[in-house]
Amino acid sequence: MSLPFMSGGPNCRDDINLRKHTHKKQQRYMDPDTGQCTELVVQAMKPDSGTDRVKQVRITDQTRRTPKLVVSLFRPKTCATIDVLVFILLWPFRFFVCSIYLLFRPLHGLPKRGMGGSINVTEYPPYLISYWGHLWAARSQKEHSVFQEGGEHSKPAPSRSVSVVHKSTAHNFYPRRLVILRGDVWEVCDNHDEIARHPYFAVSYCQSDMLKFEIGKEKEFIKSIRSAASLCEMKAYWLDLECMGNTDDEKRLDVYQLADTYRGAEFTLVALPSNAQSGGGWRSWSDRVWTLSEIMLSRELRYIMGSEGPVKTVSLRELANLAYGHDSEEAAVVNACGGIDPMYRLEHLTLLKAVIWHRGNPSQVPEKAPPKAQPRPSKGIDNLSYQADKVYALMGFFEHRIMPFPSESELQALARLSMTNDEYRMAERMLSMLPNKIPSKPSWYADDDQYKAQFWDIEPEVQVAGVTDGGALVLDGCRAASIRWKDFPEVHVRTTESGLRQLVAKIAVFGIPGFYAFAVQWIPWLFSKISRDSTLILAVVLFGWATVLLILGPFMIAYSISGCILFTQPYLIGVKGAMKLDEASHYLYRAWLSRPRLMYTTSGSVLAQHAGREGDIREGKKTQYDAVKELENQDELYTLIDTSTGTLYYFTAKRPPTVCLFTGREGGLGRFVLCSENCTANELQKETVLRMPTQIHRFMRSCGWLAIGGMEE
C-alpha cells in the first residue's frame, strides 16, 4: 500500500514556525507537545516489527510507579484466572517494592491532582498547524486565489457569488442567440431586442444518434428541426449546433445560461432517430449528462422520431418512463421532483445529483479527473471538452450558478457551486459523511453514508473558505484535537473533596521519609548530649514509628486514592487492534482504586452494536469485542478511547488517524472526522467518521484554516 506521507527533500513545513524539514518516509504527525513534525509511533495489541508503514510498539502508560504498585496490591489486572494467580503470588514482592518506593521516592506517592480540586488541563491536546498554502478558488471576493489571479474575476458575474464566478446576469430571460425565420429564410440572430419579441422552442438530442459525424448529416438534421418548427407554427428555435458560440468565452457563457434557455422556451423538442420506437434511441438520449436538466427545466415537452415524423406532446412523467423505464432511479426522481420549478430543496437537489452522476461513466466517485474530451468535427453541448460537465448540468437547478471553466476538475467545480449556494452547504455536508469507499484524493467527497443519514440530516458546523488546486477543501471554524498513539498518558482527574484523605496522603508522603531522616540526622547528636539509654529509647521510638508508617504507607496511599473520580482530563487515545473495556480501564486508571465507568459506544461507529433492552442503562453491547475480532482485515482495525465521556470505539481505517475534527451534528450526536496528516501537502486525509457526544467539542480548541485533501500520488 502506498504511503500518503512521502518526503525526500525539504518540502515539509509542518511545524508551528513553518520551517522546512527533511525527514524519512514514514507516516508523521504534528506533536502537540513540541509543535514539530514527528514520526508516528503506534501502540498495538500485537506489534508488528516488520511493517514499513508505521512504527508499532507494545502498550505502555506514563502513570508513576508508586500509585501503580499500590493499586496492584488491591486489584488484579483483570478477573481472568491467570491474572488472579499472578496477583496472589506477586503480592509480597509488590508490597516490598512499594514500601521502598515510598521511602526513597516519596513525591511519586500520589497521581496528578490526586487529592481533589480542579483540573489544570481541561482541553484535548490541540492540533497546532493550520493551512498555510494558497487557494485555487476562494469564497470571499477579497481573498486572493490562483483562479482570480488568472484574470477570471474580470468577467461579468451574478450579484450574489464568490470570487470565482464571473459577473453576468444571474438569470437571463432570453438566450444569447436564436435561429429566427425572416420571410422564407432561417437566420441566426444575436440582436437582443429582436430575440425578446420571438417565442421559441429548444431542442434536445443525442449527437451520436442524430449526426453520426458523417458529412451532410448536420445540415440534414438542421433541416428536419426547421421542418418541425413549421409543423408547430414556431418562427424561432434554439439549437446548440447553430446558437452556441465559437470562442471559448462564448461557449462558457452559453453553458452558464443553458438553464435559462430551456426555462424560457415555449417547449422543448426531443429529437430522436427513426428507430427510437425499439428503445435504443431513447436509451442513448437518456444517457447524456445534460438530458435531465433539459427536460426538467422545460415548461412543456414534445418529441419527434426521424426527420419527417409527427411532433407529439408528452408529459414529463411519460417521457421519463419511456426513456428510463418505470422502475428506474431516474424515473423515480422525475416523479418526485417533476413540476417543481425552481427546485431549491436540498432533498431534490441531492436526488438529481445522484442520477446525473450516473451519466457518462459508471463510477460516481471522481477520484481522478477524467481526461479531456477530444474536439469533434461538430460543435454542440455534447462535444464540450469540460471535465466538470456533470456539475454544470446540475447547476441549472440551483438558484446561483458558476461560470464554467474548462480546466477545472469535477470536485473543484462542485466545491465552487457549493460555496456559491452556501444555503445548501453540500460540500460541508459531504465532509461529515462516511461513504462506503473514501476517495484517496480528495477525501471529502461522499455520495452515501454508512450511518444511513441523508444530506439534509446533517447540520454543518464548519464553512468552506476555498478550494486548493488539488481539489482539497479549506475549512474555517474547525475545532480539532490530536489523537495520542504512542502510549497511555497519566491523566489528570478531579475527585471528591476529603480533608481526611488529603491528611493521610501527606502523612504517607512526607511522614515516612521525614521520621527516618530526623532519626538519622539527630540520633548521633543526641548521643553526645543525653544518656545512652535515653538515646536508644528515643531511637527505637523514632525508627519504630517510621517503620510502622512504612508498613502502613501502601494502605494509606490506597486510601488517599480511593476517592470517586468526578471528571477526567480529555484525551483521545488510539490503539491498533481491538482492546477490551477492562484492559482500557486498567491502563487509563492504574493510579486509582475507584475507576470511572467505561462503556462501548451504542451507535458511534459503523461497528457499534446497541445492547437493546438487556439492561436499564443505554450502552453498547458487551459482545462488540467478540464481533470485531471476527473481522477479516484485522490490520485496519483500531480502538479509540475518549476519556472525557468514558467511551470506547472500534473503527477501521487505512492509516491510523492523528487528528479529530468536529464538523457537524446529526441525529442527536456530533459528526467527528478522524484524519491522518500529509505534512508535505499541508493537508488532512479523511480516514473515518465517528458519531460522538456533541458536548465534547467544547473541550476542543478552535484552530485556523484546515485543508481536507488526500494522499499524494
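Right above here is the structure, for reference.
Computed from a prediction, not measured in an experiment: that's the story for all the values here.

Q: Sorry if this is basic, but what is going on with the overall build of the protein here?
A: If you tally the helices and strands in the protein, you get 22 helices and 27 strands. Per-residue burial for the protein yields a buried fraction of 55% across its 713 residues. Intrachain contacts of the protein at a sequence separation of at least 6 include 68% that bridge at least 24 residues. Here the protein displays about 31,200 Å² of accessible surface, and carbon together with sulfur accounts for 53% of that area.

Q: Help me understand helix 7 (residues 217-231) in this model?
A: Because each turn of an α-helix spans 3.6 residues, side chains separated by three or four positions end up pointing in the same direction. Here helix 7 spans 21 Å end to end across 15 residues, near enough to the 21 Å set by a 1.5 Å rise per residue. For helix 7, every residue scored as buried is listed here: Phe221, Ile222, Ser224, Ile225, Ala228 and Ala229. Looking straight down helix 7, one finds its buried side chains confined to an arc of 155°; they lie on one side. Exposed and facing more than 90 degrees away from the buried side of helix 7 are Lys219, Lys223, Ser230 and Leu231. After helix 7 finishes, the residue Glu233 shows a positive phi value of roughly 55°.

Q: Is there a simple way to think about helix 13 (residues 316-324) in this case?
A: Restricting attention to buried positions, one finds in helix 13 the residues Leu316, Leu319, Ala320, Ala323 and Tyr324. All buried residues of helix 13 project into a common sector of 100° when viewed along the axis, lining one side. Immediately downstream of helix 13, the backbone of Gly325 shows phi near 100°, a positive value.

Q: So what exactly am I meant to see when it comes to the pattern of salt bridges here?
A: Per the stated rule, a full pass over the model turns up 22 salt bridges. With a closest N to O distance of 3.6 Å, Glu266 and Arg299 form a salt bridge. Note that Glu266 is positioned in the loop between helix 10 (258-264) and strand 10 (268-272) and Arg299 in the loop between helix 12 (291-296) and strand 11 (301-305), a separation of 33 residues in sequence. We classify Arg299 as exposed; its relative accessible area is 54%. Among the charged side chains, a salt-bridge network with shared partners connects Asp449, Glu666, Arg671 and Arg691.

Q: Teacher, can you tell me more about the packing of aromatic side chains here?
A: How two aromatic rings sit relative to each other is set out by the distance from centre to centre and by the angle between their planes. Using the criterion set out here, one finds 17 aromatic pairs in the structure. Among the aromatic residues, those joined into a ring-pair cluster are Trp186, Phe201, Tyr237 and Phe267. Over the ring of Tyr451 we find Arg691, and its NZ or CZ is 6.0 Å from the ring centre.

Q: Even after reading the chapter, I still don't get the sheet that holds strand 11, so can you show me in this structure?
A: One key point about sheets: their strands pair by backbone hydrogen bonds, in either a parallel or an antiparallel sense. One open sheet holds the 7 strands; their spatial order is 7-6-9-8-10-11-12, and the pairing between them is mixed. Either end of the sheet is taken by a strand with one partner, and the two such strands are strand 7 (185-189) and strand 12 (311-314). Pairs of neighbouring strands in the sheet enclose a mean axial angle of 30°, with direction left out of account. Pairing geometry for strand 6 (residues 178-182) and strand 9 (residues 236-238), over 2 bridges, is antiparallel. Within strand 9, the position partnered with Ile180 by the bridge is Ala236.

Q: I tried to follow a nonpolar patch on the surface on my own but got confused; where do I start?
A: A surface patch of nonpolar side chains, about 440 Å² in accessible area, is lined by Phe74, Trp545, Val548, Leu552 and Phe555. When its relative accessible area of 36% is taken as the criterion, Phe555 is described as partly exposed.

Q: Help me out: how do you make sense of unusual backbone geometry in this one?
A: In terms of backbone geometry, most residues other than glycine have negative phi values and most peptide bonds are trans. In this structure, Arg425 is a non-glycine residue whose phi angle is positive, near 50°. Position of Arg425 relative to the elements: it lies in the loop between helix 17 (410-420) and helix 18 (426-431). A positive phi angle, close to 60°, is found at Asn682, a residue other than glycine. Summarising the element assignment, Asn682 is placed in the loop between strand 24 (669-678) and strand 25 (683-692). Under the relative-accessibility criterion, Asn682 is labelled buried at 8%.

Q: In this structure, what is going on with the environment of Leu542? I would like to understand it.
A: Mapped onto the elements, Leu542 comes out in helix 20 (residues 532-560). A residue is classified by how much of its surface remains accessible, and Leu542, at 9% relative accessible area, is buried.

Q: What am I meant to see in the sheet that holds strand 20 (residues 599-600) here?
A: Judged by pairing direction, the sheet is mixed, and its 4 strands sit side by side in the order 19-21-22-20 without closing on themselves. Two strands lie at the open edges of the sheet, namely strand 19 (572-576) and strand 20, each paired on one side alone. Both strand 21 (residues 637-642) and strand 22 (residues 647-652) contribute to a ladder of 6 bridges, which runs antiparallel. Within the sheet, the bridge partner assigned to Leu640 lies in strand 22 and is Tyr649.

Q: Can you help me understand the pairing of strand 10 in this one?
A: The buried count for strand 10 comes to 5 of 5 residues, which makes it a mostly enclosed element. The side-chain alternation of strand 10 yields two buried faces, one formed by Thr268, Val270 and Leu272 and the other by Leu269 and Ala271. Looking at chain direction, strand 8 (residues 201-205) and strand 10 are connected through 4 bridges and run parallel. The residue of strand 10 that forms the bridge with Ala202 is Thr268. Sheet topology note: the strand 10/strand 11 ladder contains 5 bridges and is parallel. Along strand 11, the bridge assignment pairs Ala271 with Ile304.

Q: Where do I start with the side chain of Arg263 in this structure?
A: You can see Arg263 is positioned in helix 10. Reaching out from Arg263, the side chain makes a polar contact with the backbone oxygen of Gly396 at a distance of 2.9 Å.

Q: I keep staring at the nonpolar core and nothing clicks. Help me out?
A: What tends to happen in soluble globular proteins is that the nonpolar side chains get buried as a cluster. With 144 residues, the main nonpolar core has Phe221, Tyr392 and Trp444 as its most contacted residues. In terms of residue count, the dominant contributor to this core is helix 17 (6 residues). Once you skip the residues sitting within four places of it in the chain, Tyr392 turns out to touch Val255, Trp290, Tyr386, Ile402, Pro404, Phe405, Glu408, Ala413 and Arg416. The next biggest cluster of nonpolar side chains, apart from the first, holds 42 residues, and it includes Ala508, Leu549, Leu598 and Ile641.

Q: How should the packing of helix 1 (residues 65-72) against helix 3 (residues 91-104) be read in this particular structure?
A: Between two packed helices, the angle of one axis relative to the other and the distance separating the axes together describe the packing. The N-to-C vectors of helix 1 and helix 3 enclose an angle of 150°; their axes lie 9 Å apart at closest approach. As summarised for this structure, helix 1 and helix 3 are arranged roughly antiparallel, according to the angle between their axes. For helix 1 against helix 3, the interelement crossing comes out left-handed. Facing Arg65, Thr66, Leu69, Val70 and Ser72 of helix 1, the residues of helix 3 in contact are Arg94, Val97, Cys98, Tyr101 and Leu102. Looking at the contact of helix 1 with helix 3, its residues break down into 6 nonpolar, 2 polar and 2 charged.

Q: Would you take a moment to explain the side chain of Ser418 for this structure?
A: Positionally, Ser418 belongs in helix 17. Those residues in contact with Ser418 that lie beyond four places of it in its chain are Arg425, Met426, Ala427 and Glu428.

Calculation notes
- Residues numbered from 1 in each chain as written.
- Predicted model: local features only at pLDDT ≥ 70, side-chain atom pairs only at ≥ 80, totals over all residues.
- Heavy atoms only, no water.
- Helix = DSSP H or I, 4+ residues; strand = E, 2+ residues; numbered from the N terminus.
- Buried < 20%, exposed > 50% of the residue type's maximum accessible area, 1.4 Å probe, protein only.
- Contact = heavy atoms within 4.5 Å.
- Areas by Shrake-Rupley, 256 points an atom, 1.4 Å probe, with all protein chains shown as cover.
- Expected span 1.5 Å × (residues − 1).
- Arc of directions from axis to C-beta.
- Salt bridge = Lys/Arg side-chain N within 4 Å of Asp/Glu carboxyl O.
- Phe/Tyr/Trp six-rings, centres within 6.5 Å; stacked < 30°, edge-to-face > 60°.
- Lys NZ or Arg CZ within 6 Å of the ring centre and 35° of its normal.
- Pairing = 2+ DSSP bridges.
- Axes fitted to C-alpha atoms, helices over the stretch in contact; angles between N-to-C directions.
- Patch = residues over 30% accessible without salt bridge, like charges linked within 9 Å, V, L, I, M, F, W, Y side chains within 5 Å.
- Polar contact = N/O pair within 3.5 Å; in protein donor to acceptor, adjacent residues only side chain to side chain.
- Core = buried A, V, L, I, M, F, W, Y, C linked by side-chain atoms within 4.5 Å.
- Parallel < 35°, antiparallel > 145°, perpendicular 65-115°, else oblique.
- Left-handed = near helix turned anticlockwise from the far one by under 90°.
- Nonpolar A, V, L, I, M, F, W, Y, C, P; charged D, E, K, R; others polar.

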